[in-house]
Amino acid sequence: EPEVTQTPSHQVTQMGQEVILRCVPISNHLYFYWYRQILGQKVEFLVSFYNNEISEKSEIFDDQFSVERPDGSNFTLKIRSTKLEDSAMYFCAGSDAKSSYEQYFGPGTRLTVT
Amino acid sequence: AQSVAQPEDQVNVAEGNPLTVKCTYSVSGNPYLFWYVQYPNRGLQFLLKYITGDNLVKGSYGFEAEFNKSQTSFHLKKPSALVSDSALYFCAVRDIGPSGTYKYIFGTGTRLKVLA
């Protein structure tokens, strides 16, 4: 069964550094998402992406964040200058149609900002 | 705005006993409701969904959920719990954004502990 994969599984970085979190969605998926989960808190929507552009972004997704799909397979989340409060688990997800009811999630990348 | 609430941070149940993990929702329009499970070091795995139709929805791993419109609830149930069911369970509602794309609004999660 196809799966969403994410790398790295754990990223430790210093405050102010740039990080790129990578995701490989399921091949026939067209809609892509990033969510994050701060430790002990709920999973929160960050951004949705379709047809090489952002469809919607949350208040969390400020100018420090960006997404792209550089090569038609990878889907990346970049944080330009990390802050301590960016420490969280970041989940990539995908769905195969706009009306699809199910999103398929990756295993997550744990980002630790020191 | 759409929202879901999971009133219990943790639920403990003995193996073999029935389990219930509670979720209530607040939506405008028809609710599209989901349950996901998160095992340690794993992503969110889809369990089941309610879109329309029968109020009792059957899903993966023997789980089911009962949609109750009058009580605005969507509780997750299983007749006989297994130790391997111990995990973090999230209720979610689908929300539609201004561009017409969808996202999930998640509850805070309930940790289920099944005791042998």
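Residues numbered from 1 in each chain as written. Chains lettered and ligands numbered in written order. Predicted model: local features only at pLDDT ≥ 70, side-chain atom pairs only at ≥ 80, totals over all residues. Heavy atoms only, no water.

Engineer: I keep staring at the nonpolar core and nothing clicks. Help me out?
Structural biologist: Among soluble globular proteins, nonpolar side chains are generally buried collectively. Leu33(B), Trp35(B), Leu47(B), Leu48(B), Phe74(B), Leu76(B) and Tyr89(B) are the most contacted members of the largest nonpolar core, which totals 28 residues. Among the elements that make up this core, the one with the highest residue count is strand E10 (residues 87-96) of chain B (four residues). Not counting residues up to four positions away in its chain, the partners in contact with Leu47(B) are Trp35(B), Tyr36(B), Val37(B), Gly59(B), Ser60(B), Tyr61(B), Phe63(B), Leu76(B) and Tyr89(B). If you look at the next biggest cluster of nonpolar residues, it comprises 21 residues, including Val19(A), Leu77(A), Ile79(A) and Tyr90(A). (Core = buried A, V, L, I, M, F, W, Y, C linked by side-chain atoms within 4.5 Å. Buried < 20%, exposed > 50% of the residue type's maximum accessible area, 1.4 Å probe, protein only. Helix = DSSP H or I, 4+ residues; strand = E, 2+ residues; numbered from the N terminus. Contact = heavy atoms within 4.5 Å.)

Engineer: Help me understand unusual backbone geometry, please; the structure alone is not making it clear to me.
Structural biologist: A negative phi angle is the norm for most residues apart from glycine, just as the trans form is the norm for most peptide bonds. At the junction of Thr7(A) and Pro8(A), the peptide bond is cis and its omega measures out at -10° in the coordinates. For Pro8(A), the location among the structural elements is in the loop between strand E1 (5-7) and strand E2 (10-13). For Asn51(A), which is not glycine, the phi torsion reads 55° and is therefore positive. The residue Asn51(A) is located in the loop between strand E5 (43-50) and strand E6 (53-57) in this model. With relative accessibility at 59%, the residue Asn51(A) sits in the exposed group. Positive phi, normally seen in glycine, also occurs at Thr72(B), with a value near 45°. Within the element layout of this structure, Thr72(B) appears in the loop between strand E8 (64-68) and strand E9 (73-78).

Engineer: Would you mind showing me how to read the environment of Cys91(B) here?
Structural biologist: All names here are of chain B. Residue position: Cys91 is located in strand E10. Assessed through its relative accessible area of 0%, Cys91 is described here as buried. Residues Cys91 and Thr110, 19 residues apart in the sequence, show an inter-C-alpha distance of 8.8 Å. Aside from chain neighbours lying at most four places away, what touches Cys91 is Val4, Gln6, Cys23, Phe34, Trp35, Ile105, Phe106 and Gly107.

Engineer: What am I meant to see in the environment of Arg94(B) here?
Structural biologist: Considering the arrangement of structural elements, one finds Arg94(B) in strand E10. Placed eleven residues apart in sequence, Arg94(B) and Ile105(B) show a C-alpha to C-alpha distance of 6.3 Å.

Engineer: Would you explain the interface of chain A and chain B in this entry?
Structural biologist: Interface size is often expressed as the accessible area that is lost when the parts come together. Contacts between the two partners involve 20 residues from chain A and, on the opposite side, 24 residues from chain B. Note that Lys49(B) and Glu102(A) form a salt bridge whose closest N and O atoms lie 2.8 Å from each other. If you tally residues by element for the side of chain A that touches chain B, the top one is strand E4 (residues 31-37) of chain A, at four residues. In the side of chain A that touches chain B, the residues fall into nine nonpolar, seven polar and four charged. (Salt bridge = Lys/Arg side-chain N within 4 Å of Asp/Glu carboxyl O. Nonpolar A, V, L, I, M, F, W, Y, C, P; charged D, E, K, R; others polar.)

Engineer: Could you clarify how one ought to interpret the sheet that holds E1(A) in this entry?
Structural biologist: Either a parallel or an antiparallel arrangement is found when strands of a sheet pair, and the pairing is made through backbone hydrogen bonds. Residue and element names in this part refer to chain A. Strand order in this open sheet of four strands is E1-E3-E8-E7, and the pairing throughout is antiparallel. The open sheet has two edge strands, E1 and strand E7 (65-68), and neither has a second partner. Strand after strand, the sheet turns through a mean of 15° between neighbouring axes, direction not considered. (Pairing = 2+ DSSP bridges. Axes fitted to C-alpha atoms, helices over the stretch in contact; angles between N-to-C directions.)

Engineer: When you look at the state of the cysteines in this model, what are you seeing that I'm missing?
Structural biologist: Simply put, disulfide is the name for a covalent bond between the sulfur atoms of two cysteines. Residues and elements named next belong to chain A. Following the criterion strictly, the structure yields two disulfides over all chains and no others. Between the sulfur of Cys23 and that of Cys92 lies a disulfide, 2.0 Å long from S to S. In this structure the cystine formed by Cys23 and Cys92 twists about its S-S bond by roughly -60°; its chirality is therefore left-handed. Here Cys92 lies in strand E9 (residues 88-95) and Cys23 lies in strand E3 (residues 19-24), a separation of 69 residues in the sequence. (Disulfide = S-S within 2.5 Å.)

Engineer: Quick question: what am I supposed to make of the pattern of salt bridges here?
Structural biologist: Any two side chains of opposite charge can pair, so long as their charged atoms come close to each other. Residues and elements named next belong to chain B. One pass over the structure, following the stated rule, counts seven salt bridges over all chains. The partner of Glu66 in a salt bridge is Lys77, and the shortest N-O contact between them spans 3.2 Å. Of this pair, Glu66 sits in strand E8 while Lys77 sits in strand E9; the two residues are eleven residues apart in sequence, bridging distant segments of the chain. The partly exposed category is assigned to Glu66, whose relative accessible area is 37%. Residue classification places Lys77 among the partly exposed positions, given a relative accessible area of 26%.

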